[in-house]
Each structure stands twice: as C-alpha cells, then as structure tokens.
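The primary structure of each chain is shown beneath.
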Amino acid sequence: MTKRTDAIVIGAGHNGLVCASYLARAGMNVVILEASDTAGGMSAPRTLGDDYHFPGLAHVACPVSPAIRRDLKLERYGYTPGKSIDTIALAENGKHLTIGSNSISGDGLPESDGKAYTEFRNQYLAFARTLRPLFENKPPRLKEIPFADKATLAKLGWNIRFGLGREGMNEFLRVAAINIYDVLNDTFEDDSLKGAIAVDAVLGSAMGPRTPGTVLTWLQRLHGELNGPLSLQSGGQSQLVHALTQSAEDAGATIRFNAHVDRILVDNGKAFGVELTNGEMVKARIIISNADPRATFSRLVGAPLLDTMFANRVTEIRGSGVVAKLHLALSGIPEFTGLAESQLGHRLLVAPTMRYVERAFNHSKYSECSEHPVLEVTIPSLHNDALAPEGHHVMSVNVAYVPYDLEGGWEEKKSTIAYKVISQLGQLSPNLTSLVVDHEFLTPRDIEEQFHAVQGHWHHGELSIHQSFMMRPLHGAAQYDTPIEKLFLCGAGSHPGGGLTGLPGRNAAKRVLELGGAK
Amino acid sequence: MTNSITIDRAHFRRALQRTPFHDRFVALSTAEEWMAWNTYKVPRVVDKLSTEYFAVRSGCAVMDLTPMEKYRITGRGAREFLDRLVTRDISKLRPGRVTYVVWCNDEGRVIDDGTLFQFAESEYRLCSQHHQLDWLLMSASGFDVNVEVETHDVAALAVQGPTSYSVLTAAGINDLEQLKPFDIAELHCGDIPVTVSRTGYTGDLGYELWTDPAHALHLWDAIFGVQGRFDIHAMGLSALEMVRIEAGFVMPGFDFNTTESAVRNGYDRSPYEVGLGWVVNLDKGHFTGRKALQAEKAQPARRRLIKIVVDGNKPVGEAFIYTGKKGKLIGEIKCTTWSPILKANIALADIDCINGHLPSTLWARFDYQRELKWRTAWAECHAQSKPFYNPEHRSATPPATC
C-alpha cells in the first residue's frame, strides 16, 4: 500500500461503516478490515440454500438518526426508512391484539387500555426525547468536566426539568431506574398488551420484565422510534448497509473483506496497526475497533498490555446473549389462526403475558431453554418477493430466551430445540410445519462464532444501568478513546449501545476528530 | 489458571497462630513483649532491645520471618505476569537471584513492595509485607500462571549481622562463601535441606533461611548450638524497626499509605513520592500503572518521603516539619529512631514540594517529655540521599570471617 493509512476500522458492521464514513469525509484515509466476506455485521443479509434470503440478525429496526442520514447522504445512496409495521400480539385463542405506533385494537381489549396506551406512549416518547442529548453525544465525564460535556449535561438537565415540566420530571425520575413490569401493571389491564410492550423492553438483553432498569432499556428502544416507526429490514442487500457502504466508499474509505484481525499492534502504549490472521500487518495512525470491547481488549490487545484493574473490569463486562435466530424457508404462505394474510407482514409476537416472558427468562438464568420461549416472528418475503422463489417465503424468528451456555452444551440439543420452536409456531399456524423446506437455527454460540460478538450478545454487552452512559462499556473507555493511545471503540459496546442506530459509530468518529484525527 | 490455597481450617479457634519457632522464642523471652504480625504471635522484644539491636550491628541476630506473606508463582506465563505486575525492569533476574520490587494499581499508586525470588525458569516466590492474594489473582487473569499462598508452608528465619556468615558456617551450612547479595542457594544444614538467600531488612550482612516447617526447630537448634562461640541473639520486631530505618528501608502501610490502607482519595502514594522511583522503569514495556506514572513524571514533584537527620539528641517521635524555625508547615515525620551506632536522630519524613522542589531548609517541631513535663523543641533537619548506615561488610563477598 503506497498511500498512508490514517485509520483502520475493525469490522464493517453498520457502526464501523458509519464511523469510517465520517472520518473519510473529514479527509482521513480509512481502511475497514472485515473478517467476513460481506459488510453489515449483524445486519448483513444471509442466504439459506441458494434461493432463500434473510435480512440478517437484525430483522426489524427504526430509521437511523436524521443527522447520520444527512451527514452521510444516505438517501442519495438509496436509503429510505422502511414502511411502518405494526406489532401483533398473538393469542392462542385467536383474539390477537394489534399494536400500532399510536393506537391499539383487539377483541376484548379494555377501553381504558386504549386511552391509556396513547397517553403512555406520548409520555415515554417525551422521556426518550429528554435523553436525546445524552444518547447523541459522547457520555459526559463527571470529573474534570470538559466544556462539551458540560453542555450535554446542561441540555439533559434542562430537558428533564423544563422539557418535561415538574410532574413529568417527577415521573421520569420515579421510573427511570425501575422495572417495566411494575410500570405496565400500574398502567394497563390487558395481559397481552403488557406482555408485548415488555418484550420491547427486554428483547436482546438478559433481563426479564421484572429486572430493574428495564424502563431504561425500553426508553432506548423508544429513542429509535423518535427517528421514525419500526420497519422490516427486507432489502435483498440490506438497504441501510448498502447505502452506508456506498457512502463510505464514495468518501474514500476502502473495505477489505476476509481480513480477519488477530491482534492490535501496540508499541509503548500506543496502537500502530493490526496483524491479520494470515500474518499480514496493516499499519495506521489510529485504530478504531467496532468489535465487542471484550474481544477488543482481552483478545486483540491482551491483558499484558493493559493495567490490571482495567483488564479485570473488561472480563467483568456482563453480556451473555439470550436470543437465538430461527430462519425458515417455506414453500408457501403460512396461515395463522385469526390473522388475515394482509396482517402477516407485521411483526408477530408470542409473549401472551409478562409472567410468560419472565418465566422464559428464568430458565435462561439457569442455562436452560424454556419450553415456552418468547418469539418475534417476521415474514420478510411479504415485503420483498425477491427474497424467495415465487410462491415461497422466508420467515425470520427471534427466539428468547435461549442461553449461551446451555446446560450440557449445544451440540446435541440444538436441533431438538429448533424443532420445538417450529412446533410451537405450528400451534399458531397449523400449516407451517408442512411448509418448512429448510431451516437455520443460530444459537448465541453460533452468533458468537459467526459475528464475533462475545457470548453472542447483540449489544456487545448488556444494556444495564451499570454498563450505560459514562460506564459503557466500562470505566476508562467510556468516551470511545481507550487506555491504549490511538485505539478507539466505535461499536455497540460503546454508548449509547446496540440497535441499528449508528450512534456509537458517529459519536466515536466525532471523538476521534476532536482528539486530533490522524495527527 | 488454577489456584490452590492452603488454609488451616481451625485457625479461627486461636486468635494468633504460632510459628514453628514459637517454643524457642517462649523459652528465651524474658521481656514477654508479644505482638501480632500477619496473624502470628511474634516477639516485639525477646530479652532487651539494646542487646538485640547491637546483635544485628555487631554480632548475629536471629528473627522469625515466617509470618511474611509468601506467594509461589509458577507457570509458563509467570515471567510475563510478573513483568506486568511490578514497576521494575526484571529482565536481568535469573534463577538463583532475588530482586526488590514494587507494584502499583492502575493509578500508579503503591500497593506494596517485596522481594522476588527466582528459583527456576518458571518458578518464583514473591514475599510481601501485606496480604496480596486478591491483587495477584486479579492480575493473573489473562496469563498462564499459577499463584499459590505458601506463607504457612514455609518456615523462615532471618539471620543478620556481621558474624552471620560465620555463625551459619559454624552451624553446618556450607558453601555460603561465594553467595553474593541477592543470591539464592539450595543448601543443607546437616541433613536438612534449606534454601538460603543473601537478603534482609537490616542493612547489614545477613541471610534469610527458608525451610520446611517440620525442619524448623532443627535449623534453629543448629544455629543456637554455636552460641557459645558467637554472640547470637533472638530478635524481635522493635530492633528490626531501628535497623531498617538506619538502612533507609521504607515500610508500606506504615511510612506511607498504600492503596489498601488509604481511605480517602489522594492519601495513597506513588513510588516516586516515597523514594522508590529507582525501581520504576517506564521504558521496560507495559506494566500496571505505567501510564499514570508516565503522566506523574511529566509533572513537577508534589511530595517526597525523604531521609533526614534531626539535630540534637532529644527523642523526636512524631513531629511536624517546617520550612524554617516558625516557617511554613510542609510535612511530617513518618518514622524515626535514635541510631545508637550513628549517635543521631534519624527519620523518614513526608515533605511537600514547593514548585516541584524540596525546600532547602527543614526544621522539625516536636514535643518531648522531661521529668514528665511536656516541652516543645525545634531542631534543624538535614536531608540525606544515601542510607544512614551502609557498612562495607554488608556487601563484601566472601564475607569477613570472625
């Protein structure tokens, strides 16, 4: 390579692409090193057999923030926020509940719940808006606070006190750290509605509705909805990833595929390059890791180059994945009792009550897989018929809670558990089992192997309060820069966390530039 | 990484444990002054403080070292682990050698100091004043290393003083002649295998003897068996305190707060601040606290623990240090003793720097009693960079015989 490389971004997941794109736009010469042969990481599309295409691990998402869309000109590269979808809470008796962004409908739903739902959503969207300065900036330091961090804190304080008003602030401070279970029980009567909202608060986390801090995880989810409603990621080549890739490359960034980073090279406390698994060395002025912080520090850097307490905190980052992904190739459209075909394009949830969700979670705590898991079902081929052969369909199902460390190991039980999930779905959709042509079941262990996410955790670390904001991913690396000079983090493990937001990538790029870029 | 911890499960039934040498101390004790050291009952004074002090300086003193914390560090990654643990460049350490080391937390503040023994390629012993298991295990994460407590499995004696070489040779430990300071040798005392290191905390010629607790009394009896020919005295910790100050050795947790003993932020100390900058090698590669120490070194010095001689012969005790008689309060004495051999009041004092420098004049203000009446005195202090007492015979190889 003749051109001087200013920055290496490890991993072409969406945050890596966002970060690289910002840096390239700032004039830096950026190389993205991607271990696999496609960009997108967890949002990269997957193929089963030759003909069945799936949107990847992240099958539903809210639009990325308007700032990123504008700065990286994503619309110009073909990105459009997807079509809004509803959530349908499936009931065994066929009395399903449809939850839209502003209203709900369903047989037997108490009238009070309908009214409460609108008020509740508005209130919590206001809370999420309140947290915006915190999410969209680097988390402020609390000691020797620089001016920019003071501004973040001031905006946050202003939003809480004056944005929400006295009563709103009181309520916000009351609920911010408590669990979603209590809040939903205080607000609604219908079990199915509560179960469905609870899933949004906990899916992807090793948390049940009764886990403290699940209001916060729900607010993080709602924060995405401030940018637009939830939609299905149904592009053949995921639209977002495609646009981000184009945007980054147009700005001058290079993506190298099958470039698996084995080691970050450090000299005298300063990162100066990486070594690939094939032994190749790539040097750069700065290194930005989109990998899981645990992998970044424990594996790529290694304990001998880190201080003891820091290295130890890394090993104590909590984040064990609890969601498996089931991909089904179907020879026809499945019928769901009580649902019209037009409703199948929405997000279907199997989480009839909050107790059901909590029970499913309990099993995972003991390395067991519940017989009654929480399911999030989508049929992406209804939105894009290029995903499957004519008349055929693909179904993508998130299965929670599936432990990473299943008792007795995964080898023997994997297919049994996959079939159990399929037969559980079969109870809601009588013709489903007869339609299954092929399937793929990705356990958290598979997710770890294939996506290099430690313990298969979507968010590269639990979104618990003790691992959020100025403690994400850990004290000592919470502002994207790390104890290793010239080594930065830009992935989901960093503030504000996981989800297809692009915010960690954007915040990290801003931080890199603030600290002098490649100088 | 595996860890096995030796625990006497009934230890809690007894307030203080007895070392394997305990009965011998009981037999010799006239002072009956006992104290606790790391869960063991040890003598503060066995017979008479002055006798014990002069035994170290002009004869031979024997002290029980068993309560000293000892850790066995083994495994393929042991060297790498130790390199990251301690601030000193230990690349020259090789089997059969001992080195003095300090270790810090991430903030570059001293956790403890100790002696590091290398027995074989991947076999080390770390001796420290304070319990370090939790820190060592925490530091072991990510290394192929095994850390075991062997405090209670090794009986240890310090045999110190100008005649210690002759005493040990007479007691039947041969081949000490070529043992240089900080050397280790696997020797025998009669039939008993004993590990001997030429180390100590007295600033005099001396050896430390390490053996199986089952052999402890044989070893003791062999040494005291030559008592008729040499002046040998059992020694307590009070005499040790005098001689270690004379030698200019610091004691973490007593002369300064370690990260473990400090309660409030900012009360712990960095190696630079306590005169241990000489065991910090910032260019040796990464170690815990390196970044913080690098940053500290780039800044003007904030304070220093220094050796001072206080004029006069009044017992100094606890004292404030001023920039001049009735000048600015600038520090305090951390430990002090009257040195009988130097005929001087010597002390270690923690002094604040002014613009990165120690003030040129130091005065101590202290209270002392005469005829049960308190008086205040001022005495000028003189900073010293060298140990107060460092005799030539301490490091001569072969040691002088007598």
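Every chain is numbered independently, its residues counted from 1 as its sequence is written. To read the labels, note that chains go from A and ligands from 1, taken in the order they are written. Where local features are concerned, this predicted model is filtered to residues with pLDDT of at least 70; where side-chain atom pairs are given and counted, the filter is 80 or more; whole-chain, interface and lining totals use all residues.

Focus: the overall build of chain B
So, step 1. Helix and strand counts for chain B come out as eight helices and 19 strands.
So, step 2. In this description the radius of gyration comes from C-alpha coordinates, and the expected globular size is given by 2.2 Å times residues to the power 0.38. Computed over the C-alpha atoms, the radius of gyration of chain B is 21 Å, within 12% of the 21 Å expected from 2.2 N^0.38 for a compact globule of 402 residues.
So, step 3. Along the first, second and third principal axes, the C-alpha set of chain B runs to 65 × 55 × 45 Å.
So, step 4. Exposed residues have 12 or fewer other C-beta atoms within 10 Å of their own C-beta, buried residues have 20 or more, and residues in between are partly exposed; the C-beta atoms are placed from the backbone. Taken over 402 residues, chain B has a buried fraction of 45%.
So, step 5. Long-range pairs, those at least 24 residues apart, make up 68% of the contacts in chain B with a sequence separation of at least 6. Note on conventions: DSSP H or I runs of at least 4 residues are helices, E runs of at least 2 residues are strands, and numbering of each starts at the N terminus. Throughout, a residue-residue contact means that the two C-beta atoms, derived from backbone geometry, are no farther apart than 7 Å.

A short note on the sheet that holds strand E8 (residues 146–149) of chain B
Residue and element names in this part refer to chain B.
So, step 1. With antiparallel pairing, the five strands of this open sheet are ordered in space as E5-E6-E7-E4-E8. Pairing within the sheet leaves two strands with one partner each, and these edge strands are strand E5 (97–104) and E8. The average angle at which neighbouring strand axes cross in this sheet is 25°, direction not considered.
So, step 2. The sheet contact formed by strand E4 (residues 69–74) and strand E7 (residues 123–128) spans six bridges and is antiparallel. Opposite Thr74, over in E7, you have Glu123 as the bridge partner.
So, step 3. Strand contacts of helix H3 (residues 78–85): E4, E5, strand E6 (110–120) and E7, with the helix running at about 130° to E4, the strand carrying the most contacts.
So, step 4. Helix axes are fitted only over the stretch in contact, all axes being lines through C-alpha atoms; the angle between N-to-C directions runs from 0 to 180 degrees. Lying on the sheet, helix H4 (residues 133–140) is in contact with E4, E6 and E8; it crosses E8 at an angle near 170°. Any two strands between which DSSP finds at least two bridges are classified as paired.

Points about the environment of Gly213 of chain A
Residues and elements named next belong to chain A.
So, step 1. Assignment of secondary structure puts Gly213 in the loop between helix H8 (191–202) and helix H9 (214–225).
So, step 2. Accessibility expressed as a C-beta count within 10 Å gives 22 for Gly213, which makes it buried.
So, step 3. Residues within four places of Gly213 in sequence aside, it is in contact with Ala177, Ser464 and Ile465.

Some thoughts on the interface of chain B and chain A
So, step 1. Counting residues at the interface gives 14 residues for chain B and 14 residues for chain A.
So, step 2. Those elements that provide at least two residues to the side of chain B that touches chain A are H3, H4 and helix H8 (290–298) of chain B.
So, step 3. Each residue is assigned to one of three groups, with Ala, Val, Leu, Ile, Met, Phe, Trp, Tyr, Cys and Pro labelled nonpolar, Asp, Glu, Lys and Arg labelled charged, and all others, Gly among them, labelled polar. Here the side of chain B that touches chain A is built from residues that sort into two nonpolar, seven polar and five charged.

Focus: the sheet that holds strand E16 (residues 347–350) of chain A
Residue and element names in this part refer to chain A.
So, step 1. Taken in spatial order, the eight strands make up an open sheet running E8-E7-E6-E16-E17-E18-E15-E19, and their pairing is mixed. Both outer strands of the open sheet, strand E8 (104–106) and strand E19 (436–442), are each paired with one neighbouring strand and no more. Each strand axis lies, on average, 20° off the axis of its neighbour in the sheet, ignoring direction.
So, step 2. Sheet topology note: the strand E6 (residues 87–89)/strand E7 (residues 97–99) ladder contains three bridges and is antiparallel. Bridging from a neighbouring strand, Thr87 pairs with Ile99 of E7.
So, step 3. In the packing of H8 onto the sheet, the strands contacted are E6, E7, E8, E16 and strand E17 (374–378), and the crossing angle to E6 comes to about 130°.

Points about unusual backbone geometry
So, step 1. Across the junction of Arg472 of chain A and Pro473 of chain A, the peptide omega takes the value -10°, indicating a cis bond.
So, step 2. Note that Pro473 of chain A resides in the loop between helix H16 (444–451) and strand E20 (487–489).
So, step 3. In this structure, the amide linkage connecting Thr397 of chain B to the following residue, Pro398 of chain B, adopts the cis form with an omega of -5°.
So, step 4. Within the fold, Pro398 of chain B resides in the segment after strand E19 (373–384).
So, step 5. At Phe469 of chain A, a position not held by glycine, the phi torsion is positive, near 55°.
So, step 6. Of note, the phi angle at Asn38 of chain B is positive, near 50°, even though the residue is not glycine.
So, step 7. By the element assignment, Asn38 of chain B lies in the loop between strand E1 (33–37) and strand E2 (40–45).

Quick notes on the confidence of the model for chain B
So, step 1. pLDDT is a per-residue confidence score from the predictor, ranging from 0 to 100. In this model, chain B carries an average pLDDT of 95, and 98% of its residues clear a pLDDT of 70 or more.
So, step 2. Predicted complex metrics record ipTM = 0.91 and pTM = 0.93.

So, the packing of helix H7 (residues 180–187) of chain A against H8 of chain A
Residue and element names in this part refer to chain A.
So, step 1. Running from N to C, H7 and H8 cross one another at 150°; their axes reach a closest spacing of 10 Å. What the angle tells us is that H7 and H8 run roughly antiparallel. The element H7 and its partner H8 pack so that their crossing is right-handed. Here H7 contributes Ile180, Tyr181, Leu184 and Asn185 to the contact with H8, which in turn contributes Lys194, Ile197, Ala198 and Ala201.
So, step 2. Partitioning the contact of H7 with H8 into residue classes produces six nonpolar, one polar and one charged. To sort the angles, those under 35 degrees are grouped as roughly parallel, those over 145 as roughly antiparallel, those from 65 to 115 as roughly perpendicular, and the leftovers as oblique. By the definition used in this description, the sense in which the near helix is turned from the far one sets the handedness, with an anticlockwise turn below a right angle giving left-handed and a clockwise turn giving right-handed.

Looking at the domain arrangement of chain A
Residue and element names in this part refer to chain A.
So, step 1. By the assigned domains, chain A splits into domain 1 (7–43 + 64–78 + 234–318 + 459–514) and domain 2 (105–230).
So, step 2. Distance from the C-alpha centre of domain 1 to the C-alpha centre of domain 2: 27 Å.
So, step 3. Residue-level contacts link 24 residues of domain 1 with 19 residues of domain 2.
So, step 4. When its residues are assigned to classes, the side of domain 1 that touches domain 2 shows ten nonpolar, eleven polar and three charged. Domain segmentation is taken from an automatic or database assignment of domains.

What to know about the environment of Asp47 of chain B
So, step 1. Relative to the elements of secondary structure, Asp47 of chain B occurs in the loop between E2 and helix H2 (49–58).
So, step 2. C-beta crowding within 10 Å serves as the criterion here: with 18 such atoms nearby, Asp47 of chain B is assigned to the partly exposed category.

Concerning helix H12 (residues 308–315) of chain A
So, step 1. Listed in full, the buried residues belonging to H12 of chain A are Thr308, Phe310, Ala311 and Val314 of chain A. One side of H12 of chain A carries all its buried residues, which in axial view fall inside an arc of 165°.
So, step 2. Looking at the buried positions of H12 of chain A, the neighbouring elements they touch are helix H11 (293–301) of chain A together with H4 of chain B. This arc describes the spread of directions from the helix axis toward the C-beta atoms.

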